Amino acid sequence: NDSSHQINKRIGQPRSASINKNSFIYFIRNLSAKGREELVKNIQDILDPVNEFADLRMGTDDHCYNHSAINEPFIVPYTTRPSYAFLHSLGRDDKGKESVVHHIPDIGINAKDIFTKENETISISAESIFEVHKNVKVVDKRFNKIAKKHPQVRDFDIKKIKKMYGDEEFKISMDEVKQLIRSTKVTTSSLLPHKFYTELVGKYSSNEEFQVFFNVFRTTPLLSFDGDDWDKCCEDQKDFIKQEIEHSKKKIKKSKAVLDKRDEMANHEDAKRVKYLNKIILKINEENLELWKDDKIPNLRGSFCSFIKCVLRVPEKYGFKNQRHAKLILGKSLTELSTEVCVSQKGYFFTSGKHYKHNHICKKTARTIVFLSSPGLDFCYPQPTMLEAPKYFVRVASPDDTNKTGGWAMFQPGKQAEFHQRIKVLYTCIFKAAQKQDVRNMSMLPLGLGVFTQNLMLDLKHDLMEIYFKVQFELLAEHDWGFENYYINAQQH
């Protein structure tokens, strides 16, 4: 943004203006040769201080790339991430382990092992990252697969890693790691009993087969697992996944066609985003479909139904007031319940971004940072969209109706207030979680207003933005949460 403001100023536009991509291309085409030379020189002056590894972001195909548009995308092996070296130091077995960006990886660490380790110190620096990268790439099948596609990752040496991460060193003792793990707190809404939630997560979240099972049926009400309509529910879910696989293939093909044309006036960024998202959705749905091939569903469902029956038999044991209260919560899906939970934990950043040293490793700060984890409502991925959107919105079909989960245009009459209350429950959980951790300086991202609005039309997106921000101001006005500062990163909103 700073660069674009300076460019605007130098080419005669007001400082508050922003550059429109298509008009900017037209502007450059119509400059004289001398004008182009001057513009290039001005841009170069602005961008010269920027490190070639500045502003790294996650890219497709599980690598990082430099998106600053002054260089070609620079492929960075995922084995050179600080978090990868950190988990390796804790004893993760890296042989064939996945660390895919769009999945929650099985980190392969037994928490009990961490608590029995001696008080050793973990060091994260360019050198330690390189050592892990050098040793791991030999045994990691996934690394070798990426290296075939992008040969330059094999030449990622210590010089490049030092240029990317700088010369500082992050150090943390094993005792401190244990304290961070113990700082984890789970905050639930007033209706969702903490006891029930922790029992549910503790029983099933670490089982790989159940992870896949609940990923497939995350929009299914918990009571329906033991309901008379289970067979129909199961078949409907299977058909839905098959349909979405075909829709994703069509969207990827359509996006590729836009990108292959190389039309400067086409919206390449939109095409890239649609292609990237649908590659993820396609991969997840193809993996989910495997659940039916192995015929594991009956056993997994049977085990979960036993748990549900226990809850209904003795609801008070799981924190419910009575059976009616239990049925109210069990009538919701995991997707719906997730927006009534906030997980908080103390921690640190490995990197800093001061003085053009973006993503450089920094020393451990004197104080911990509290990380808050909560989801907004998902109107991006197919299953959550088709669960949540019909409750609140009106859909307008596109002419060819290829986007079966998109086209949501406006609120249904009277549903805006319901949505407002739903978001208020979510932010109340977040604020309570922060209060439990004694947070004084709250820093909030525009939760739920990025990729999660993918299937909504523009006017509806604006209505959502207003509600998400209005709820925060309401809660700040209604109660003293102990915050001294409240920072809102509103991005383009």
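The rules we used
Residues numbered from 1 in each chain as written. Predicted model: local features only at pLDDT ≥ 70, side-chain atom pairs only at ≥ 80, totals over all residues. Heavy atoms only, no water. Salt bridge = Lys/Arg side-chain N within 4 Å of Asp/Glu carboxyl O. Helix = DSSP H or I, 4+ residues; strand = E, 2+ residues; numbered from the N terminus. Buried < 20%, exposed > 50% of the residue type's maximum accessible area, 1.4 Å probe, protein only. Core = buried A, V, L, I, M, F, W, Y, C linked by side-chain atoms within 4.5 Å. Contact = heavy atoms within 4.5 Å. 1 Å grid on protein atoms, 1.4 Å probe; cavity = no way out; pocket = protein on both sides within 12 Å on 5 of 7 lines; lining within 4 Å. Points joined across faces, edges and corners; volume = space filled by probe spheres on them. Nonpolar A, V, L, I, M, F, W, Y, C, P; charged D, E, K, R; others polar. Phe/Tyr/Trp six-rings, centres within 6.5 Å; stacked < 30°, edge-to-face > 60°. Expected span 1.5 Å × (residues − 1). Axes fitted to C-alpha atoms, helices over the stretch in contact; angles between N-to-C directions. Parallel < 35°, antiparallel > 145°, perpendicular 65-115°, else oblique. Pairing = 2+ DSSP bridges. Arc of directions from axis to C-beta. Polar contact = N/O pair within 3.5 Å; in protein donor to acceptor, adjacent residues only side chain to side chain.

J.: Explain the pattern of salt bridges here, please?
T.: When their charged atoms lie close together, side chains carrying opposite charge are able to pair. According to the stated counting rule, one finds 20 salt bridges in the structure shown. A salt bridge links Lys293 to Glu290; the shortest N-O distance between them is 3.4 Å. Here Lys293 and its partner Glu290 are both found in helix H13 (residues 268–293), three residues apart, which amounts to about one turn of the helix. Judged by relative accessible area, Lys293 falls into the exposed class, the value being 62%. According to the relative accessible area criterion, Glu290 is partly exposed, its value standing at 37%. Here Glu474 makes a salt bridge to Lys424, at a shortest N to O gap of 3.1 Å. Placement of the pair is Glu474 in helix H19 (residues 458–478) and Lys424 in helix H18 (residues 415–436), with a sequence separation of 50 residues. On the accessibility criterion, Glu474 (24% relative accessible area) is partly exposed.

J.: Could you clarify how one ought to interpret the nonpolar core in this entry?
T.: Most often, soluble globular proteins have nonpolar side chains that are buried together. Formed by 36 residues in total, the largest nonpolar core has its most connected members in Phe196, Phe213, Phe217, Phe225, Trp292, Phe304 and Phe307. At the level of elements, helix H10 (194–204), helix H11 (208–216), helix H12 (230–261), H13, helix H14 (297–313) and helix H15 (323–330) are the ones that each hand at least two residues to this core. Sorting elements by how many residues they give to this core places H14 first, with eight residues. When near neighbours in sequence (up to four residues on either side) are disregarded, Phe307 contacts Phe196, Glu199, Leu200, Lys203, Tyr204 and Tyr318. By size, the runner-up hydrophobic cluster in this structure holds 34 residues, among which are Cys342, Phe393, Val439 and Val471.

J.: Help me understand empty space enclosed by the protein, please; the structure alone is not making it clear to me.
T.: To locate leftover empty space, one rolls a probe as large as a water molecule over the atoms. Per the counting criterion, the structure on display carries one cavity of 30 Å³ or more. In this model, the largest cavity occupies a volume close to 60 Å³. Taken together, Arg218, Ile281, Ile284, Asn285, Asn288, Tyr381, Pro382 and Gln383 make up the lining of the largest cavity. Mapped onto the lining of the largest cavity, the elements with two or more residues apiece are H13 and helix H17 (382–392). Looking at the lining of the largest cavity element by element, the count peaks at four residues for H13. For the lining of the largest cavity, a count of residues per class yields four nonpolar, three polar and one charged.

J.: Mind showing me how you'd approach the packing of aromatic side chains here?
T.: By convention here, two paired aromatic rings are described through the distance between centres and the angle between planes. Counted by the stated rule, this structure contains 38 aromatic pairs. Judged by centre distance (6.1 Å) and plane angle (15°), the rings of Phe196 and Phe307 are stacked. Highlighted residues: Phe196 in helix H10 and Phe307 in helix H14, separated in sequence by 111 residues. For the residue pair Phe196 and Phe307, the accessibility class agrees, reading buried in each case.

J.: How do you make sense of H18 when you look at a structure like this?
T.: Residue pairs spaced three or four apart in an α-helix point in one direction, given the helix's 3.6 residues per turn. The terminal C-alpha atoms of H18, which comprises 22 residues, lie 32 Å apart, in line with the 32 Å expected from a rise of 1.5 Å per residue. If you check which residues of H18 are buried, you get Phe419, His420, Arg422, Ile423, Lys424, Leu426, Tyr427, Cys429, Ile430, Phe431, Ala433 and Ala434.

J.: Looking at this structure, I do not really get unusual backbone geometry. What am I missing?
T.: Of all residues except glycine, most have a negative phi; of all peptide bonds, most are trans. Even without a glycine there, the phi angle at Asp438 is positive, about 60°. In this fold, Asp438 is placed in the loop between H18 and strand E12 (441–444).

J.: What is the right way to read the packing of helix H4 (residues 82–89) against helix H6 (residues 126–136) from this model?
T.: In a packed pair of helices, the relevant descriptors are the angle between the two axes and the axis-to-axis distance. It is at 9 Å that the axes of H4 and H6 come closest, and there the two elements cross at 75°. Taken together, the axis directions place H4 and H6 in an arrangement best described as roughly perpendicular. Contacts between H4 and H6 involve Pro82, Tyr84, Ala85 and His88 on the former and, on the latter, Ile129, Val132 and Val136. Its residues placed into classes, the contact of H4 with H6 shows six nonpolar, one polar and no charged.

J.: Please explain the sheet that holds strand E9 (residues 369–373) as it appears in this structure.
T.: Remark on secondary structure: sheet strands pair via backbone hydrogen bonds, oriented parallel or antiparallel. Across the sheet, which stays open at both edges, the three strands sit in the order E5-E6-E9 with antiparallel pairing between neighbours. Of all the strands in the sheet, just strand E5 (185–188) and E9 have a single pairing partner and so form its edges. Taken pair by pair, the neighbouring strands of this sheet meet at an average axis angle of 25°, ignoring direction. Note: E5 against strand E6 (residues 341–347), four bridges, orientation antiparallel. Bridge pairing in E6 links Thr187 to Cys342.

J.: So what exactly am I meant to see when it comes to H15 here?
T.: The complete set of buried residues in H15 reads His325, Ala326, Ile329 and Leu330. Relative to the axis of H15, the buried residues are bounded by an arc of 130° and lie together on one face. In this structure, the buried side of H15 is in contact with H10, H14 and helix H16 (334–338). If you check the start of H15, you find a side-chain oxygen 3.2 Å away from the backbone N of Arg324, and it comes from Asn322.

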